[in-house]
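Examination of the molecular architecture
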Amino acid sequence: MSAASPLAGSASPETVRLAIDTVRTLAMDAVQAAESGHPGTPMALAPLAYALYTKHLRHDPAAPDWADRDRFVLSVGHASMLLYGTLHLAGYDLPLEEIKNFRQWESLTPGHPEVHHTKGVETTTGPLGQGVANAVGFAVAEAHLAATFNRDGHNIVDHYTYFVAGDGCLMEGISHEAASYAGHMKLGKLIGFFDDNGITIDGSTALTCSDDATRRFEAYGWQVLHVHDVNDIAAIDAAIAEAKADTARPTMIVTKTHIGFGSPNRQDTAKAHGEPLGKDEIALTKQSYGWPSTEPFFVPDAALAHWRERTAQRAQSHTEWNSKWQAYASAHPELAAEFERRMKGELPASLDAAFPVFDAKSGNVASRAASGVVINAIANTVPELLGGSADLTGSNLTNVKGASGFGADNRTGRNFHFGIREHAMGAIMNGMGLHGGVIPYGGTFLVFSDYMRPAVRLAALMGVQAIYVFTHDSIGLGEDGPTHQPVEHLAALRCIPNLLVLRPADADEVSEAWRVALRHRRGPSAIVLTRQKLSYYNEPARAREGVKHGAYIVADAAGHVPNVVLLASGSEVEIALAAREQLSGHGIHARVVSCPSLELFAQQPVEYRNHILPAGVPRVAVEAAHPMSWYRWVGEHGAIVGIETFGASAPAPVLYEKFGITADKVAKAAKGLLQ
């Protein structure tokens, strides 16, 4: 049943077929050895992977992070053995032993591809549709950097982004959001393949879906092409050539495949999707391929030699680019130095001096307003900081004043309008950050972090530097009511490993939160901001030192050993300070600790934490949010003033009073601990 069209060049059809079937048999054998996995899609898509990696993709296994390489995104991450088999055969640092250890502890071949874990993997995929939006982000970053750095005769940024999506990816809502954005932005160097096999785990897609993918993507503004048989390599070649010829539209190539290709009893069935074929069926399938060995993980010498020869030819594009780079660096040394700095992820040396310092006059503002001031103060110093909002620019205050907007006719623009697409915004930001050369930020209301949470989680898993500007952070937003008032969201975000949550309490803390976020290279940061005005109470030097530690003393017990410690974040620090004054009138000496980041505080040495929170001193935490985050810090005998119900529609002061987020309530809780 195996077939492949003759390929231009010296290789015979038999050699090409052998090279393709090696990908298929490695997938079958690896899934069988692991006793779990997805063999069917790799078996179907092997010809496409072969065509891309040996004929079209500009890549170099010896330099998998080369700046101007083409990017490939496997949005159907469950088909990971397609990518692993291809990377091994192409000569990446992925030995056959790692293929044999598929899905095992500490192997380089986890169940779904993980970026920074396996060489040649560009992004972590698995949750369906995420890879589609990541690919859009890669294409956005390429377009922006090309417009920023290329000069006449010197195109140092000039590459394509390819992705493969399946039926499941296109069913997920994020693919609609991302495809609409990509079409509107006319990302002509984005080329996707729709693996049209008509099968999901439950059975035929006819159970749940009757979409016309062609008309759908045409409506988004994409060019849509068709490959009627994925085994027709010549047709794939022609489709890619046609895709590249249309520079004004992204392209979706609808590619007809047969899941479990070659399996006599499993092809075109759900049984080929998510479980091993079984030893007997594997033997029959290999027989249908005319496979020369019954040995598992057999790689024919001719197939390996062909893959490596073709990959070496593709790697010449890297050598050619190095020559272009030298010419560019000679002609434009300052631009070349700036490009290298950005791609290395190094911040400008002058950045520290650019952060604004507030005072009592300028700092008496909502923290979202202070954030807008910070963004504009640092924008010229850190031009790689690109971002915007999901249609809430005027509320999130994410605009860089005087800067243009990124769009189809202006790739150098740095203000982004993501539209009402929070989920796609988060995943597009992930692609931008993974591409390198830019630091993406994106804004929305904190309550809508739910809409983008899967992308936030993946950013944390991948260690992507992305900055989320989450405003309207509590019941303090007031009259919009409980649909827009976050209650559980701070706790939920703080539960995500590697996500740094920063909830600043005044303007100086906002400035320092941005400093921390820009220096936090190991993952994403969420800067959580108020709608309502906050009092200015800080000292800039104290804030700068304190925020980076996650928690610090903003008011102490005035020469006394504290009787109680009051902890708070954001707008509730002001309430804690007012409670301290009340307690002082009763002869109770309270320490107030601002806690802009519980994650950073947890990372501090135990000596520092014990200094801020001395043993044996009762603690009360106050935050206009669910109390879950605070149990660790107040201890078994502490108290928390928080909210465990939804909010209501009313002015903010009324809501704080009605829900008991008040200085009186905090003071009462402290007195109760001291009785």
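Values in this document were obtained by computation on a predicted structure and should not be read as measured data.

Scoring rules and cut-offs
- Residues numbered from 1 in each chain as written.
- Predicted model: local features only at pLDDT ≥ 70, side-chain atom pairs only at ≥ 80, totals over all residues.
- Heavy atoms only, no water.
- Salt bridge = Lys/Arg side-chain N within 4 Å of Asp/Glu carboxyl O.
- Helix = DSSP H or I, 4+ residues; strand = E, 2+ residues; numbered from the N terminus.
- Buried < 20%, exposed > 50% of the residue type's maximum accessible area, 1.4 Å probe, protein only.
- Expected span 1.5 Å × (residues − 1).
- Contact = heavy atoms within 4.5 Å.
- UniProt positions renumbered as here; feature names shortened; annotations may be inferred.
- 1 Å grid on protein atoms, 1.4 Å probe; cavity = no way out; pocket = protein on both sides within 12 Å on 5 of 7 lines; lining within 4 Å.
- Polar contact = N/O pair within 3.5 Å; in protein donor to acceptor, adjacent residues only side chain to side chain.
- Pairing = 2+ DSSP bridges.
- Axes fitted to C-alpha atoms, helices over the stretch in contact; angles between N-to-C directions.
- Domains from an automatic or database assignment.

1. Regarding the pattern of salt bridges
Per the stated rule, a full pass over the model turns up 25 salt bridges. One salt bridge in this structure joins R519 and D352, with 3.0 Å as the shortest N-O distance. Of this pair, R519 sits in helix α19 (residues 507-519) while D352 sits in helix α13 (residues 351-354); the two residues are 167 residues apart in sequence, bridging distant segments of the chain. The class of D352 is partly exposed, set by a relative accessible area of 28%. With its nearest N and O atoms 2.9 Å apart, the salt bridge here joins D473 to R503. Of the two residues, D473 is situated in the loop between β11 (467-471) and α18 (489-494) and R503 in the loop between β12 (500-502) and α19; the sequence distance between them amounts to 30 residues.

2. Digging into helix α7 (residues 173-184)
Between its first and last C-alpha atoms α7 spans 17 Å; for twelve residues at 1.5 Å apiece the expected length is 16 Å, and the two agree. Taken together, the buried residues of α7 touch α5 (130-149), α6 (167-171), β3 (190-196), α8 (213-220), β9 (415-417) and α16 (422-435). Note on α7: the residue one or two positions beyond its end, K186, has a positive phi of about 55 degrees.

3. Overview of the UniProt feature "binding site: substrate" (unreviewed entry) in the chain
Following the UniProt record, the feature "binding site: substrate" (unreviewed entry) maps to H38, H273, R368, S395, H472, D480, H484 and R531 here. Spatial dispersion of the annotated residues is evident: they stretch over 494 residues in sequence, and the largest pairwise C-alpha distance comes to 48.4 Å. Lining the second largest pocket, from the residues just named, are H38 and H273. Judged by relative accessible area, which is 14%, H38 ranks as buried. Excluding its chain neighbours within four sequence positions, the residues that come into contact with H38 are V31, H78, R103, H273 and G274. Here the side chain of H38 touches H273 through a polar contact of 3.1 Å, landing on its backbone oxygen. Position of R531 among the secondary structure elements: in the loop between β13 (525-528) and α20 (540-547).

4. Overview of the pairing of strand β8 (residues 385-389)
Of all five residues in β8, five are buried; the element is thus mostly enclosed. Burial along β8 is two-sided: L385, G387 and S389 and L386 and G388, pointing in opposite directions, are all buried. Bridge count for β8 against strand β10 (residues 439-445) is five bridges, and the pairing is parallel. Paired with G387 across the two strands is Y441, which belongs to β10. Judged from the three bridges that link them, β8 and β9 form a sheet pairing that is parallel. Paired with G387 across the bridge in β9 is N415.

5. Brief notes about the sheet that holds strand β6 (residues 223-227)
Spatial ordering of the open sheet is given by β1-β2-β3-β7-β6, a layout of five strands whose pairing is parallel. Sheet topology places β1 (71-74) and β6 at the edges, where each strand pairs with a single neighbour. Between one strand and the next, the sheet's axes are offset by a mean angle of 20 degrees, whatever the strand orientation. Where β1 lies against strand β2 (residues 161-166), four bridges are found, and the strand directions are parallel. Looking across to β2, one finds that V73 is bridged to F163.

6. Describing the domain arrangement of the chain
Segmentation of the chain into domains returns domain 1 (13-314), domain 2 (315-342), domain 3 (351-540) and domain 4 (549-673). Measuring from the centre of the C-alpha atoms in domain 2 to the corresponding centre in domain 3 gives 33 Å.

7. Looking at the sheet that holds β10
If you walk across this open sheet you meet the six strands as β9-β8-β10-β11-β13-β12, and the pairing is parallel. Sheet topology places β9 and β12 at the edges, where each strand pairs with a single neighbour. Strand-to-strand twist across the sheet, computed as the mean angle between neighbouring axes with direction ignored, equals 20 degrees. By the bridge criterion, three bridges tie β12 to β13 in an arrangement that is parallel. By the bridge assignment, V501 is partnered in β13 with A526. Sheet strands touched by helix α17 (residues 449-462): β10 and β11. Its angle to β11, the strand with the most contacts, is close to 155 degrees.

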